[in-house]
There are 4 protein chains.
Amino acid sequence: MITTILIHCPDQKGIISTVTGFIHGKGGNIVYLDQHVDQQANAFFMRLESDFDSSFFSETTFRADFEKELAKRYAMKWSLHQAGVRPKMALFVSKYNHCLYDLLSRFNAGELAVDIPFIISNHDDLRPIAEQFDIPFHHIPVTKASKNEAEDQQLKLLEEHAVDFIVLARYMQIVSGKVISRYPNKIINIHHSFLPAFAGAKPYHAAFKRGVKIIGATSHYVTEDLDEGPIIEQDVTSVTHAHRIADFIAKGRDLEKIVLARAVKLHVQRKTMVYANKTVIFY
Amino acid sequence: MITTILIHCPDQKGIISTVTGFIHGKGGNIVYLDQHVDQQANAFFMRLESDFDSSFFSETTFRADFEKELAKRYAMKWSLHQAGVRPKMALFVSKYNHCLYDLLSRFNAGELAVDIPFIISNHDDLRPIAEQFDIPFHHIPVTKASKNEAEDQQLKLLEEHAVDFIVLARYMQIVSGKVISRYPNKIINIHHSFLPAFAGAKPYHAAFKRGVKIIGATSHYVTEDLDEGPIIEQDVTSVTHAHRIADFIAKGRDLEKIVLARAVKLHVQRKTMVYANKTVIFY
Amino acid sequence: MITTILIHCPDQKGIISTVTGFIHGKGGNIVYLDQHVDQQANAFFMRLESDFDSSFFSETTFRADFEKELAKRYAMKWSLHQAGVRPKMALFVSKYNHCLYDLLSRFNAGELAVDIPFIISNHDDLRPIAEQFDIPFHHIPVTKASKNEAEDQQLKLLEEHAVDFIVLARYMQIVSGKVISRYPNKIINIHHSFLPAFAGAKPYHAAFKRGVKIIGATSHYVTEDLDEGPIIEQDVTSVTHAHRIADFIAKGRDLEKIVLARAVKLHVQRKTMVYANKTVIFY
Amino acid sequence: MITTILIHCPDQKGIISTVTGFIHGKGGNIVYLDQHVDQQANAFFMRLESDFDSSFFSETTFRADFEKELAKRYAMKWSLHQAGVRPKMALFVSKYNHCLYDLLSRFNAGELAVDIPFIISNHDDLRPIAEQFDIPFHHIPVTKASKNEAEDQQLKLLEEHAVDFIVLARYMQIVSGKVISRYPNKIINIHHSFLPAFAGAKPYHAAFKRGVKIIGATSHYVTEDLDEGPIIEQDVTSVTHAHRIADFIAKGRDLEKIVLARAVKLHVQRKTMVYANKTVIFY
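Thresholds, definitions, all that
Residues numbered from 1 in each chain as written. Chains lettered and ligands numbered in written order. Predicted model: local features only at pLDDT ≥ 70, side-chain atom pairs only at ≥ 80, totals over all residues. Heavy atoms only, no water. UniProt positions renumbered as here; feature names shortened; annotations may be inferred. Least-squares fit on C-alpha atoms with pLDDT ≥ 70 in both. Contact = heavy atoms within 4.5 Å. Buried area = accessible area lost by both parts, 1.4 Å probe. Salt bridge = Lys/Arg side-chain N within 4 Å of Asp/Glu carboxyl O. Polar contact = N/O pair within 3.5 Å; in protein donor to acceptor, adjacent residues only side chain to side chain. Helix = DSSP H or I, 4+ residues; strand = E, 2+ residues; numbered from the N terminus. Nonpolar A, V, L, I, M, F, W, Y, C, P; charged D, E, K, R; others polar. Buried < 20%, exposed > 50% of the residue type's maximum accessible area, 1.4 Å probe, protein only. Pairing = 2+ DSSP bridges. 1 Å grid on protein atoms, 1.4 Å probe; cavity = no way out; pocket = protein on both sides within 12 Å on 5 of 7 lines; lining within 4 Å. Points joined across faces, edges and corners; volume = space filled by probe spheres on them. Axes fitted to C-alpha atoms, helices over the stretch in contact; angles between N-to-C directions.

If you look chain A up in an unreviewed UniProt entry, it shows as Formyltetrahydrofolate deformylase from Pricia antarctica. Comment text from UniProt for chain A, heading Sequence similarities (unreviewed entry), reads "Belongs to the PurU family." Within the UniProt record for chain A, the comment given under Function (unreviewed entry) is "Catalyzes the hydrolysis of 10-formyltetrahydrofolate (formyl-FH4) to formate and tetrahydrofolate (FH4)."

Rendered as structure tokens:
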């Protein structure tokens, strides 16, 4: 049984040997270890995958002992994840269908180890895709006046289904602090530019106007600062003077799909840690 | 004998057939033709390479006829370049040596069909490299107080040597409008970021702070708006949380070298046209 | 009304001006022209998009005159395609679903200007996806013994539906010369390696064994020489020692999807020409 | 004082905690740890950078204790490298100058922490570059008849200068087993193709003929099987039908330089381990 442990704490001498010794003492075999030290910030990060014999392993005991013997001593923030537990992922969409198609196709193909309890959209346009893939679809319109109430509806659904994280698959609305604060570093957005270039609306138009030779897409955790959250993944593709805005948009669709899917996978596999508005990604 | 012609004018019906018919009529064989229409701006661009029999071809007559029969009629801006004429390229540097080494190595290896009459620097540090490659080196210090006079010295050298274009190979000074206006779209800069992200000073530090997953470099023609001139070439490379600022700088050096060298080659080969603060690049 | 013309003939002086003059004389406005000369092979290639006033344009007359006045004179192979005519694309699949999902999602999203009369598979596994996207699905099993007959069934379907081209979306069977000869340069395959490296079966296993640092995918027209047809598109992605074969396969899926989709688009947009077992691609 | 330790042994439970505990016990602070388990081969690899207080650290004692307490117990192959010890790198070249220029420029710029006792070439052409950078140059011609003797001369020089590793910077000769066996996994070659595609002579010509859309370069350790040694680094760049062989060669030069320089840096930084004709690279 593979158990993943994520650790974040101030850097101190001997952490690695203490933690690995602890796991060894508990009968675990470490099959993967990656660590990172941010020397400037004196911060330590570690991701471990350990194999425990499930007939002897008690998660409760392990958690209690880890907390008592290690976490307190080193002032650790830590989390433990059992393989096989599928997080619940809610999808928020508007009218663009390419990211939705891509994520649902991957889900159907078995690429994403999640459950998808529902899709929320502020428009009804993509309902047929939800039906095609047999996922419940909730149309919750959002206007300036209704936004507050709409978000209450969203939160109600999120809580009823015990959703673990949210993916904004080209959801064209700004999510307010009310929702963000309930899902800190648990809302993944895809922005259709190479951030920090072209934050905000209509990035392909802005990129075209500037005459860049490369366009990009960025997936990041959502914070209250629009398009300024911790970046999870970015990718780019070349463009030339011969590409019109429509070509930017078409080329961008492929980027957005790939970049968002990669970010979702990294999140699901517990390979992301957030610190100082940046991510540590253990590939 | 290969002759390159660049044409820019309002888009009109029949331009291509008229121009190609004209060249055919003058005995030329078109070996390369690329064109671009910006439909939004109703602008037409064309680059032709034609092979003329040099025993029959008179450049003077051709120019006069082209002007009379085509250029006036279509309101063309055009230029004609004979293969074998090497433009004169001045290099401006400060203290970083990687772009200078790269350009001089390419020059020595025969990759760049230019003459290099001199190198100008505001510091004396890179003189040994100039000597190593046997290129005259002029140390012209620049302070706030001396800048105006320093630029006069630069202009004097540029004019004495009939320099065609200038390459700022990590020249850490802002070039003033006095120089720029004498070399419009003829000063090539390398900026060590993926513009428009991280314009201005210390882009690697800014990229590190923002936690981007990709860094870039951008070569552009210098205009009076700092880092906002027409982009010629861009490229990027991946970074991770494990890279420190020093790693960004080291990885960036390779990008800067490659991107600047590509831009210089495109310029030398007359493959760049500038329009509306953007470039048309005929690869 | 936009008309695309593709021309291939021996290189001769004056072709461009003659062709563009002809189109101009027929009232066409050339909005795009790209040409290529293979000087070694003395071969000329051109792709033109021209705008004709549909109230005056007769395709029949144009074709006849082009043939008489140009094609014979220059020994041209040429073709003419009206915008708005959607080619018919048949899909062949086996058990892998990612390319099928990707193409059908793009088709539904309006990215591919084709009709898809049916999907053929040698297994029944992917029928639910065909149903999900409402495309007829024909299960035609292929064994050594039944292959000849199975291909007759395939050909019957292809002809009944007047299919223009075939996409092998991870169809795990070798297509015989009987089918290939009926669809020369009209069968597009995706091979899951960077050809010519790792042709044949199990390329990801071979790549893993060799310890390459980059894996790729290649889309090509199918010829009777397995994996040796004209290459349309290739792309690559990085791998490390930490990736197992399963990771190669997962990363490869994204490559295969993208590379195949790009090749299909280029084919549909008449941007590919084949010559000497290579392609000329007018991007 | 930073000490780098590389470990390779059969995978066993508890290795990481034992090794990290040992280092901790010796007063070391682990600032970097990367490990890899090849589960199929049951092989374990680890790279550690530890900070020791140099006033208390005895390398001799450490080595002896490590050998006694760890290496024997776990059947480790291991090595220890003190920061600041510069390995001696010999350069072998023929007539192409781009890789030589690139490496010497980086060396002069302080990018490569090595000493370069000499350059060997089978031609005299590049002597001026050696002189330009003030490195001893030995012209050792190689013919079929003289090869054995030439290699003896090479080996004599390599031994006299206690060379640690050799870089074949486009050295156009096949190195025989006599030399290879003296420098196992210590001779770095750059091959101008994306191996295993186009091994052997004239890869750009072969790539052109095959009509690939991407060309590459590969840096690998030299073994007695030509172009089949463990791959250290690869990179690629796009080409189109419009590129002639001369363009492939020109674009390839930039690839070769970058890929070779990256491989040399990885080797110098002790980030490469070789196993089963593959490399583990701890980036």
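Read on for the rest.
Overview of the relation of the copies chain C and chain A
With an axial shift of 0.0 Å and an RMSD of 0.0 Å, the rotation relating chain C to chain A amounts to 180°. Accordingly, the operation relating the two chain copies is best matched by a two-fold axis. It is Gln 132 of chain C whose C-alpha, among those of chain C, lies nearest the rotation axis, at 2.9 Å. The share of interface residues of chain C whose copies in chain A are also at the interface is 100%, consistent with both copies meeting through the same surface.

Structural notes on the interface of chain C and chain A
On the chain A side, the residues contacting the 14 residues of chain C number 14 residues. On the chain C side of the interface with chain A, the three residues burying the most area are Tyr 101, Gln 132 and Asp 254 of chain C, jointly 33% of the side's total. Where chain C meets chain A, there are 6 salt bridges. Lys 257 of chain A is paired through a salt bridge with Asp 102 of chain C; the nearest N and O atoms lie 3.5 Å apart. The tally of links between chain C and chain A comes to 9 residue pairs in polar contact (both at pLDDT 80 or more). Looking at the side of chain C that touches chain A, the elements with two or more residues in it are helix H3 (98–108) and helix H8 (245–268) of chain C. At 5 residues, the largest contribution of residues to the side of chain C that touches chain A is made by H3 of chain C. Residues belonging to the side of chain C that touches chain A are distributed by class as follows: 4 nonpolar, 4 polar and 6 charged.

Quick word on the interface of chain B and chain A
Listed per partner, the contact involves 33 residues of chain B and 33 residues of chain A. Here chain B meets chain A over a buried area of about 2800 Å², counting both sides, of which 60% is carbon and sulfur. Summed over the shared surface of chain B and chain A, the result is 0 salt bridges. Linking chain B with chain A are 15 residue pairs in polar contact (both at pLDDT 80 or more), by the criterion used here. Broken down by secondary-structure element, the contributors of at least two residues to the side of chain B that touches chain A are helix H7 (203–210), strand S11 (231–238) and strand S13 (278–281) of chain B. Ranked by residue count, the leading element in the side of chain B that touches chain A is S11 of chain B, at 6 residues. Of the residues that constitute the side of chain B that touches chain A, the class distribution is 16 nonpolar, 9 polar and 8 charged.

Quick notes on the pairing of strand S5 (residues 89–93) of chain C
Residues and elements named next belong to chain C. Burial runs high along S5: 5 of the 5 residues are buried. Neither face of S5 is left uncovered, since the one carrying Met 89, Leu 91 and Val 93 and the one carrying Ala 90 and Phe 92 both have all their residues buried. Across 4 bridges, the pairing between S5 and strand S8 (residues 165–168) is parallel. Within S8, the position partnered with Met 89 by the bridge is Phe 165.

So, empty space enclosed by the protein
Applying the stated rule across the entire model yields 12 cavities of 30 Å³ or more. By volume, the largest cavity is sized at about 140 Å³. As for the largest cavity, its lining consists of 18 residues, of which Asp 102 and Ser 105 of chain A together with Tyr 101, Asp 102 and Ser 105 of chain C are closest to the centre.

So, the UniProt feature "active site" (unreviewed entry) in chain A
Here the UniProt feature "active site" (unreviewed entry) sits at Asp 227 of chain A. As for its placement among the helices and strands, Asp 227 of chain A is situated in the loop between strand S10 (214–221) and strand S11 (231–238). According to the relative accessible area criterion, Asp 227 of chain A is buried, its value standing at 7%. In contact with Asp 227 of chain A, other than residues within four places in its own chain, are Asn 189, His 191, Leu 195, Ala 199, Gly 200 and His 220 of chain A together with Arg 210 of chain B. A distance of 3.4 Å separates the side chain of Asp 227 of chain A from the side chain of His 191 of chain A, its partner in a polar contact.

Side note on the sheet that holds strand S10 (residues 214–221) of chain D
Residue and element names in this part refer to chain D. Taking strand neighbours across the sheet as the criterion, the 7 strands line up as S7-S6-S5-S8-S9-S10-S11 in an open arrangement whose pairing is mixed. Of all the strands in the sheet, just strand S7 (137–139) and strand S11 (231–238) have a single pairing partner and so form its edges. For this sheet the average axis-to-axis angle between neighbouring strands, irrespective of direction, equals 15°. Bridge count for S10 against S11 is 7 bridges, and the pairing is antiparallel. If you follow His 220 over to S11, its bridge partner there is Ile 231. Strands strand S5 (89–93), strand S6 (119–121), S7 and strand S8 (165–168) of the sheet are contacted by helix H5 (residues 147–160), whose axis makes an angle of about 155° with S5. Each of S5, S8, strand S9 (187–191), S10 and S11 touches helix H8 (residues 245–268); the most contacted strand, S11, lies at about 155° to it.

Structural notes on the pattern of salt bridges
Residue and element names in this part refer to chain D. A full pass over the atoms with the stated rule returns 76 salt bridges over all chains. Salt-bridge contacts for Lys 26 lead to Asp 65; the nearest nitrogen and oxygen are separated by 2.3 Å. On the criterion of sequence distance, the pair formed by Lys 26 in the loop between helix H1 (15–25) and strand S2 (29–38) and Asp 65 in helix H2 (residues 59–74) is long-range, its members being 39 residues apart. Take Lys 26: its relative accessible area is 30%, and that puts it in the partly exposed class.

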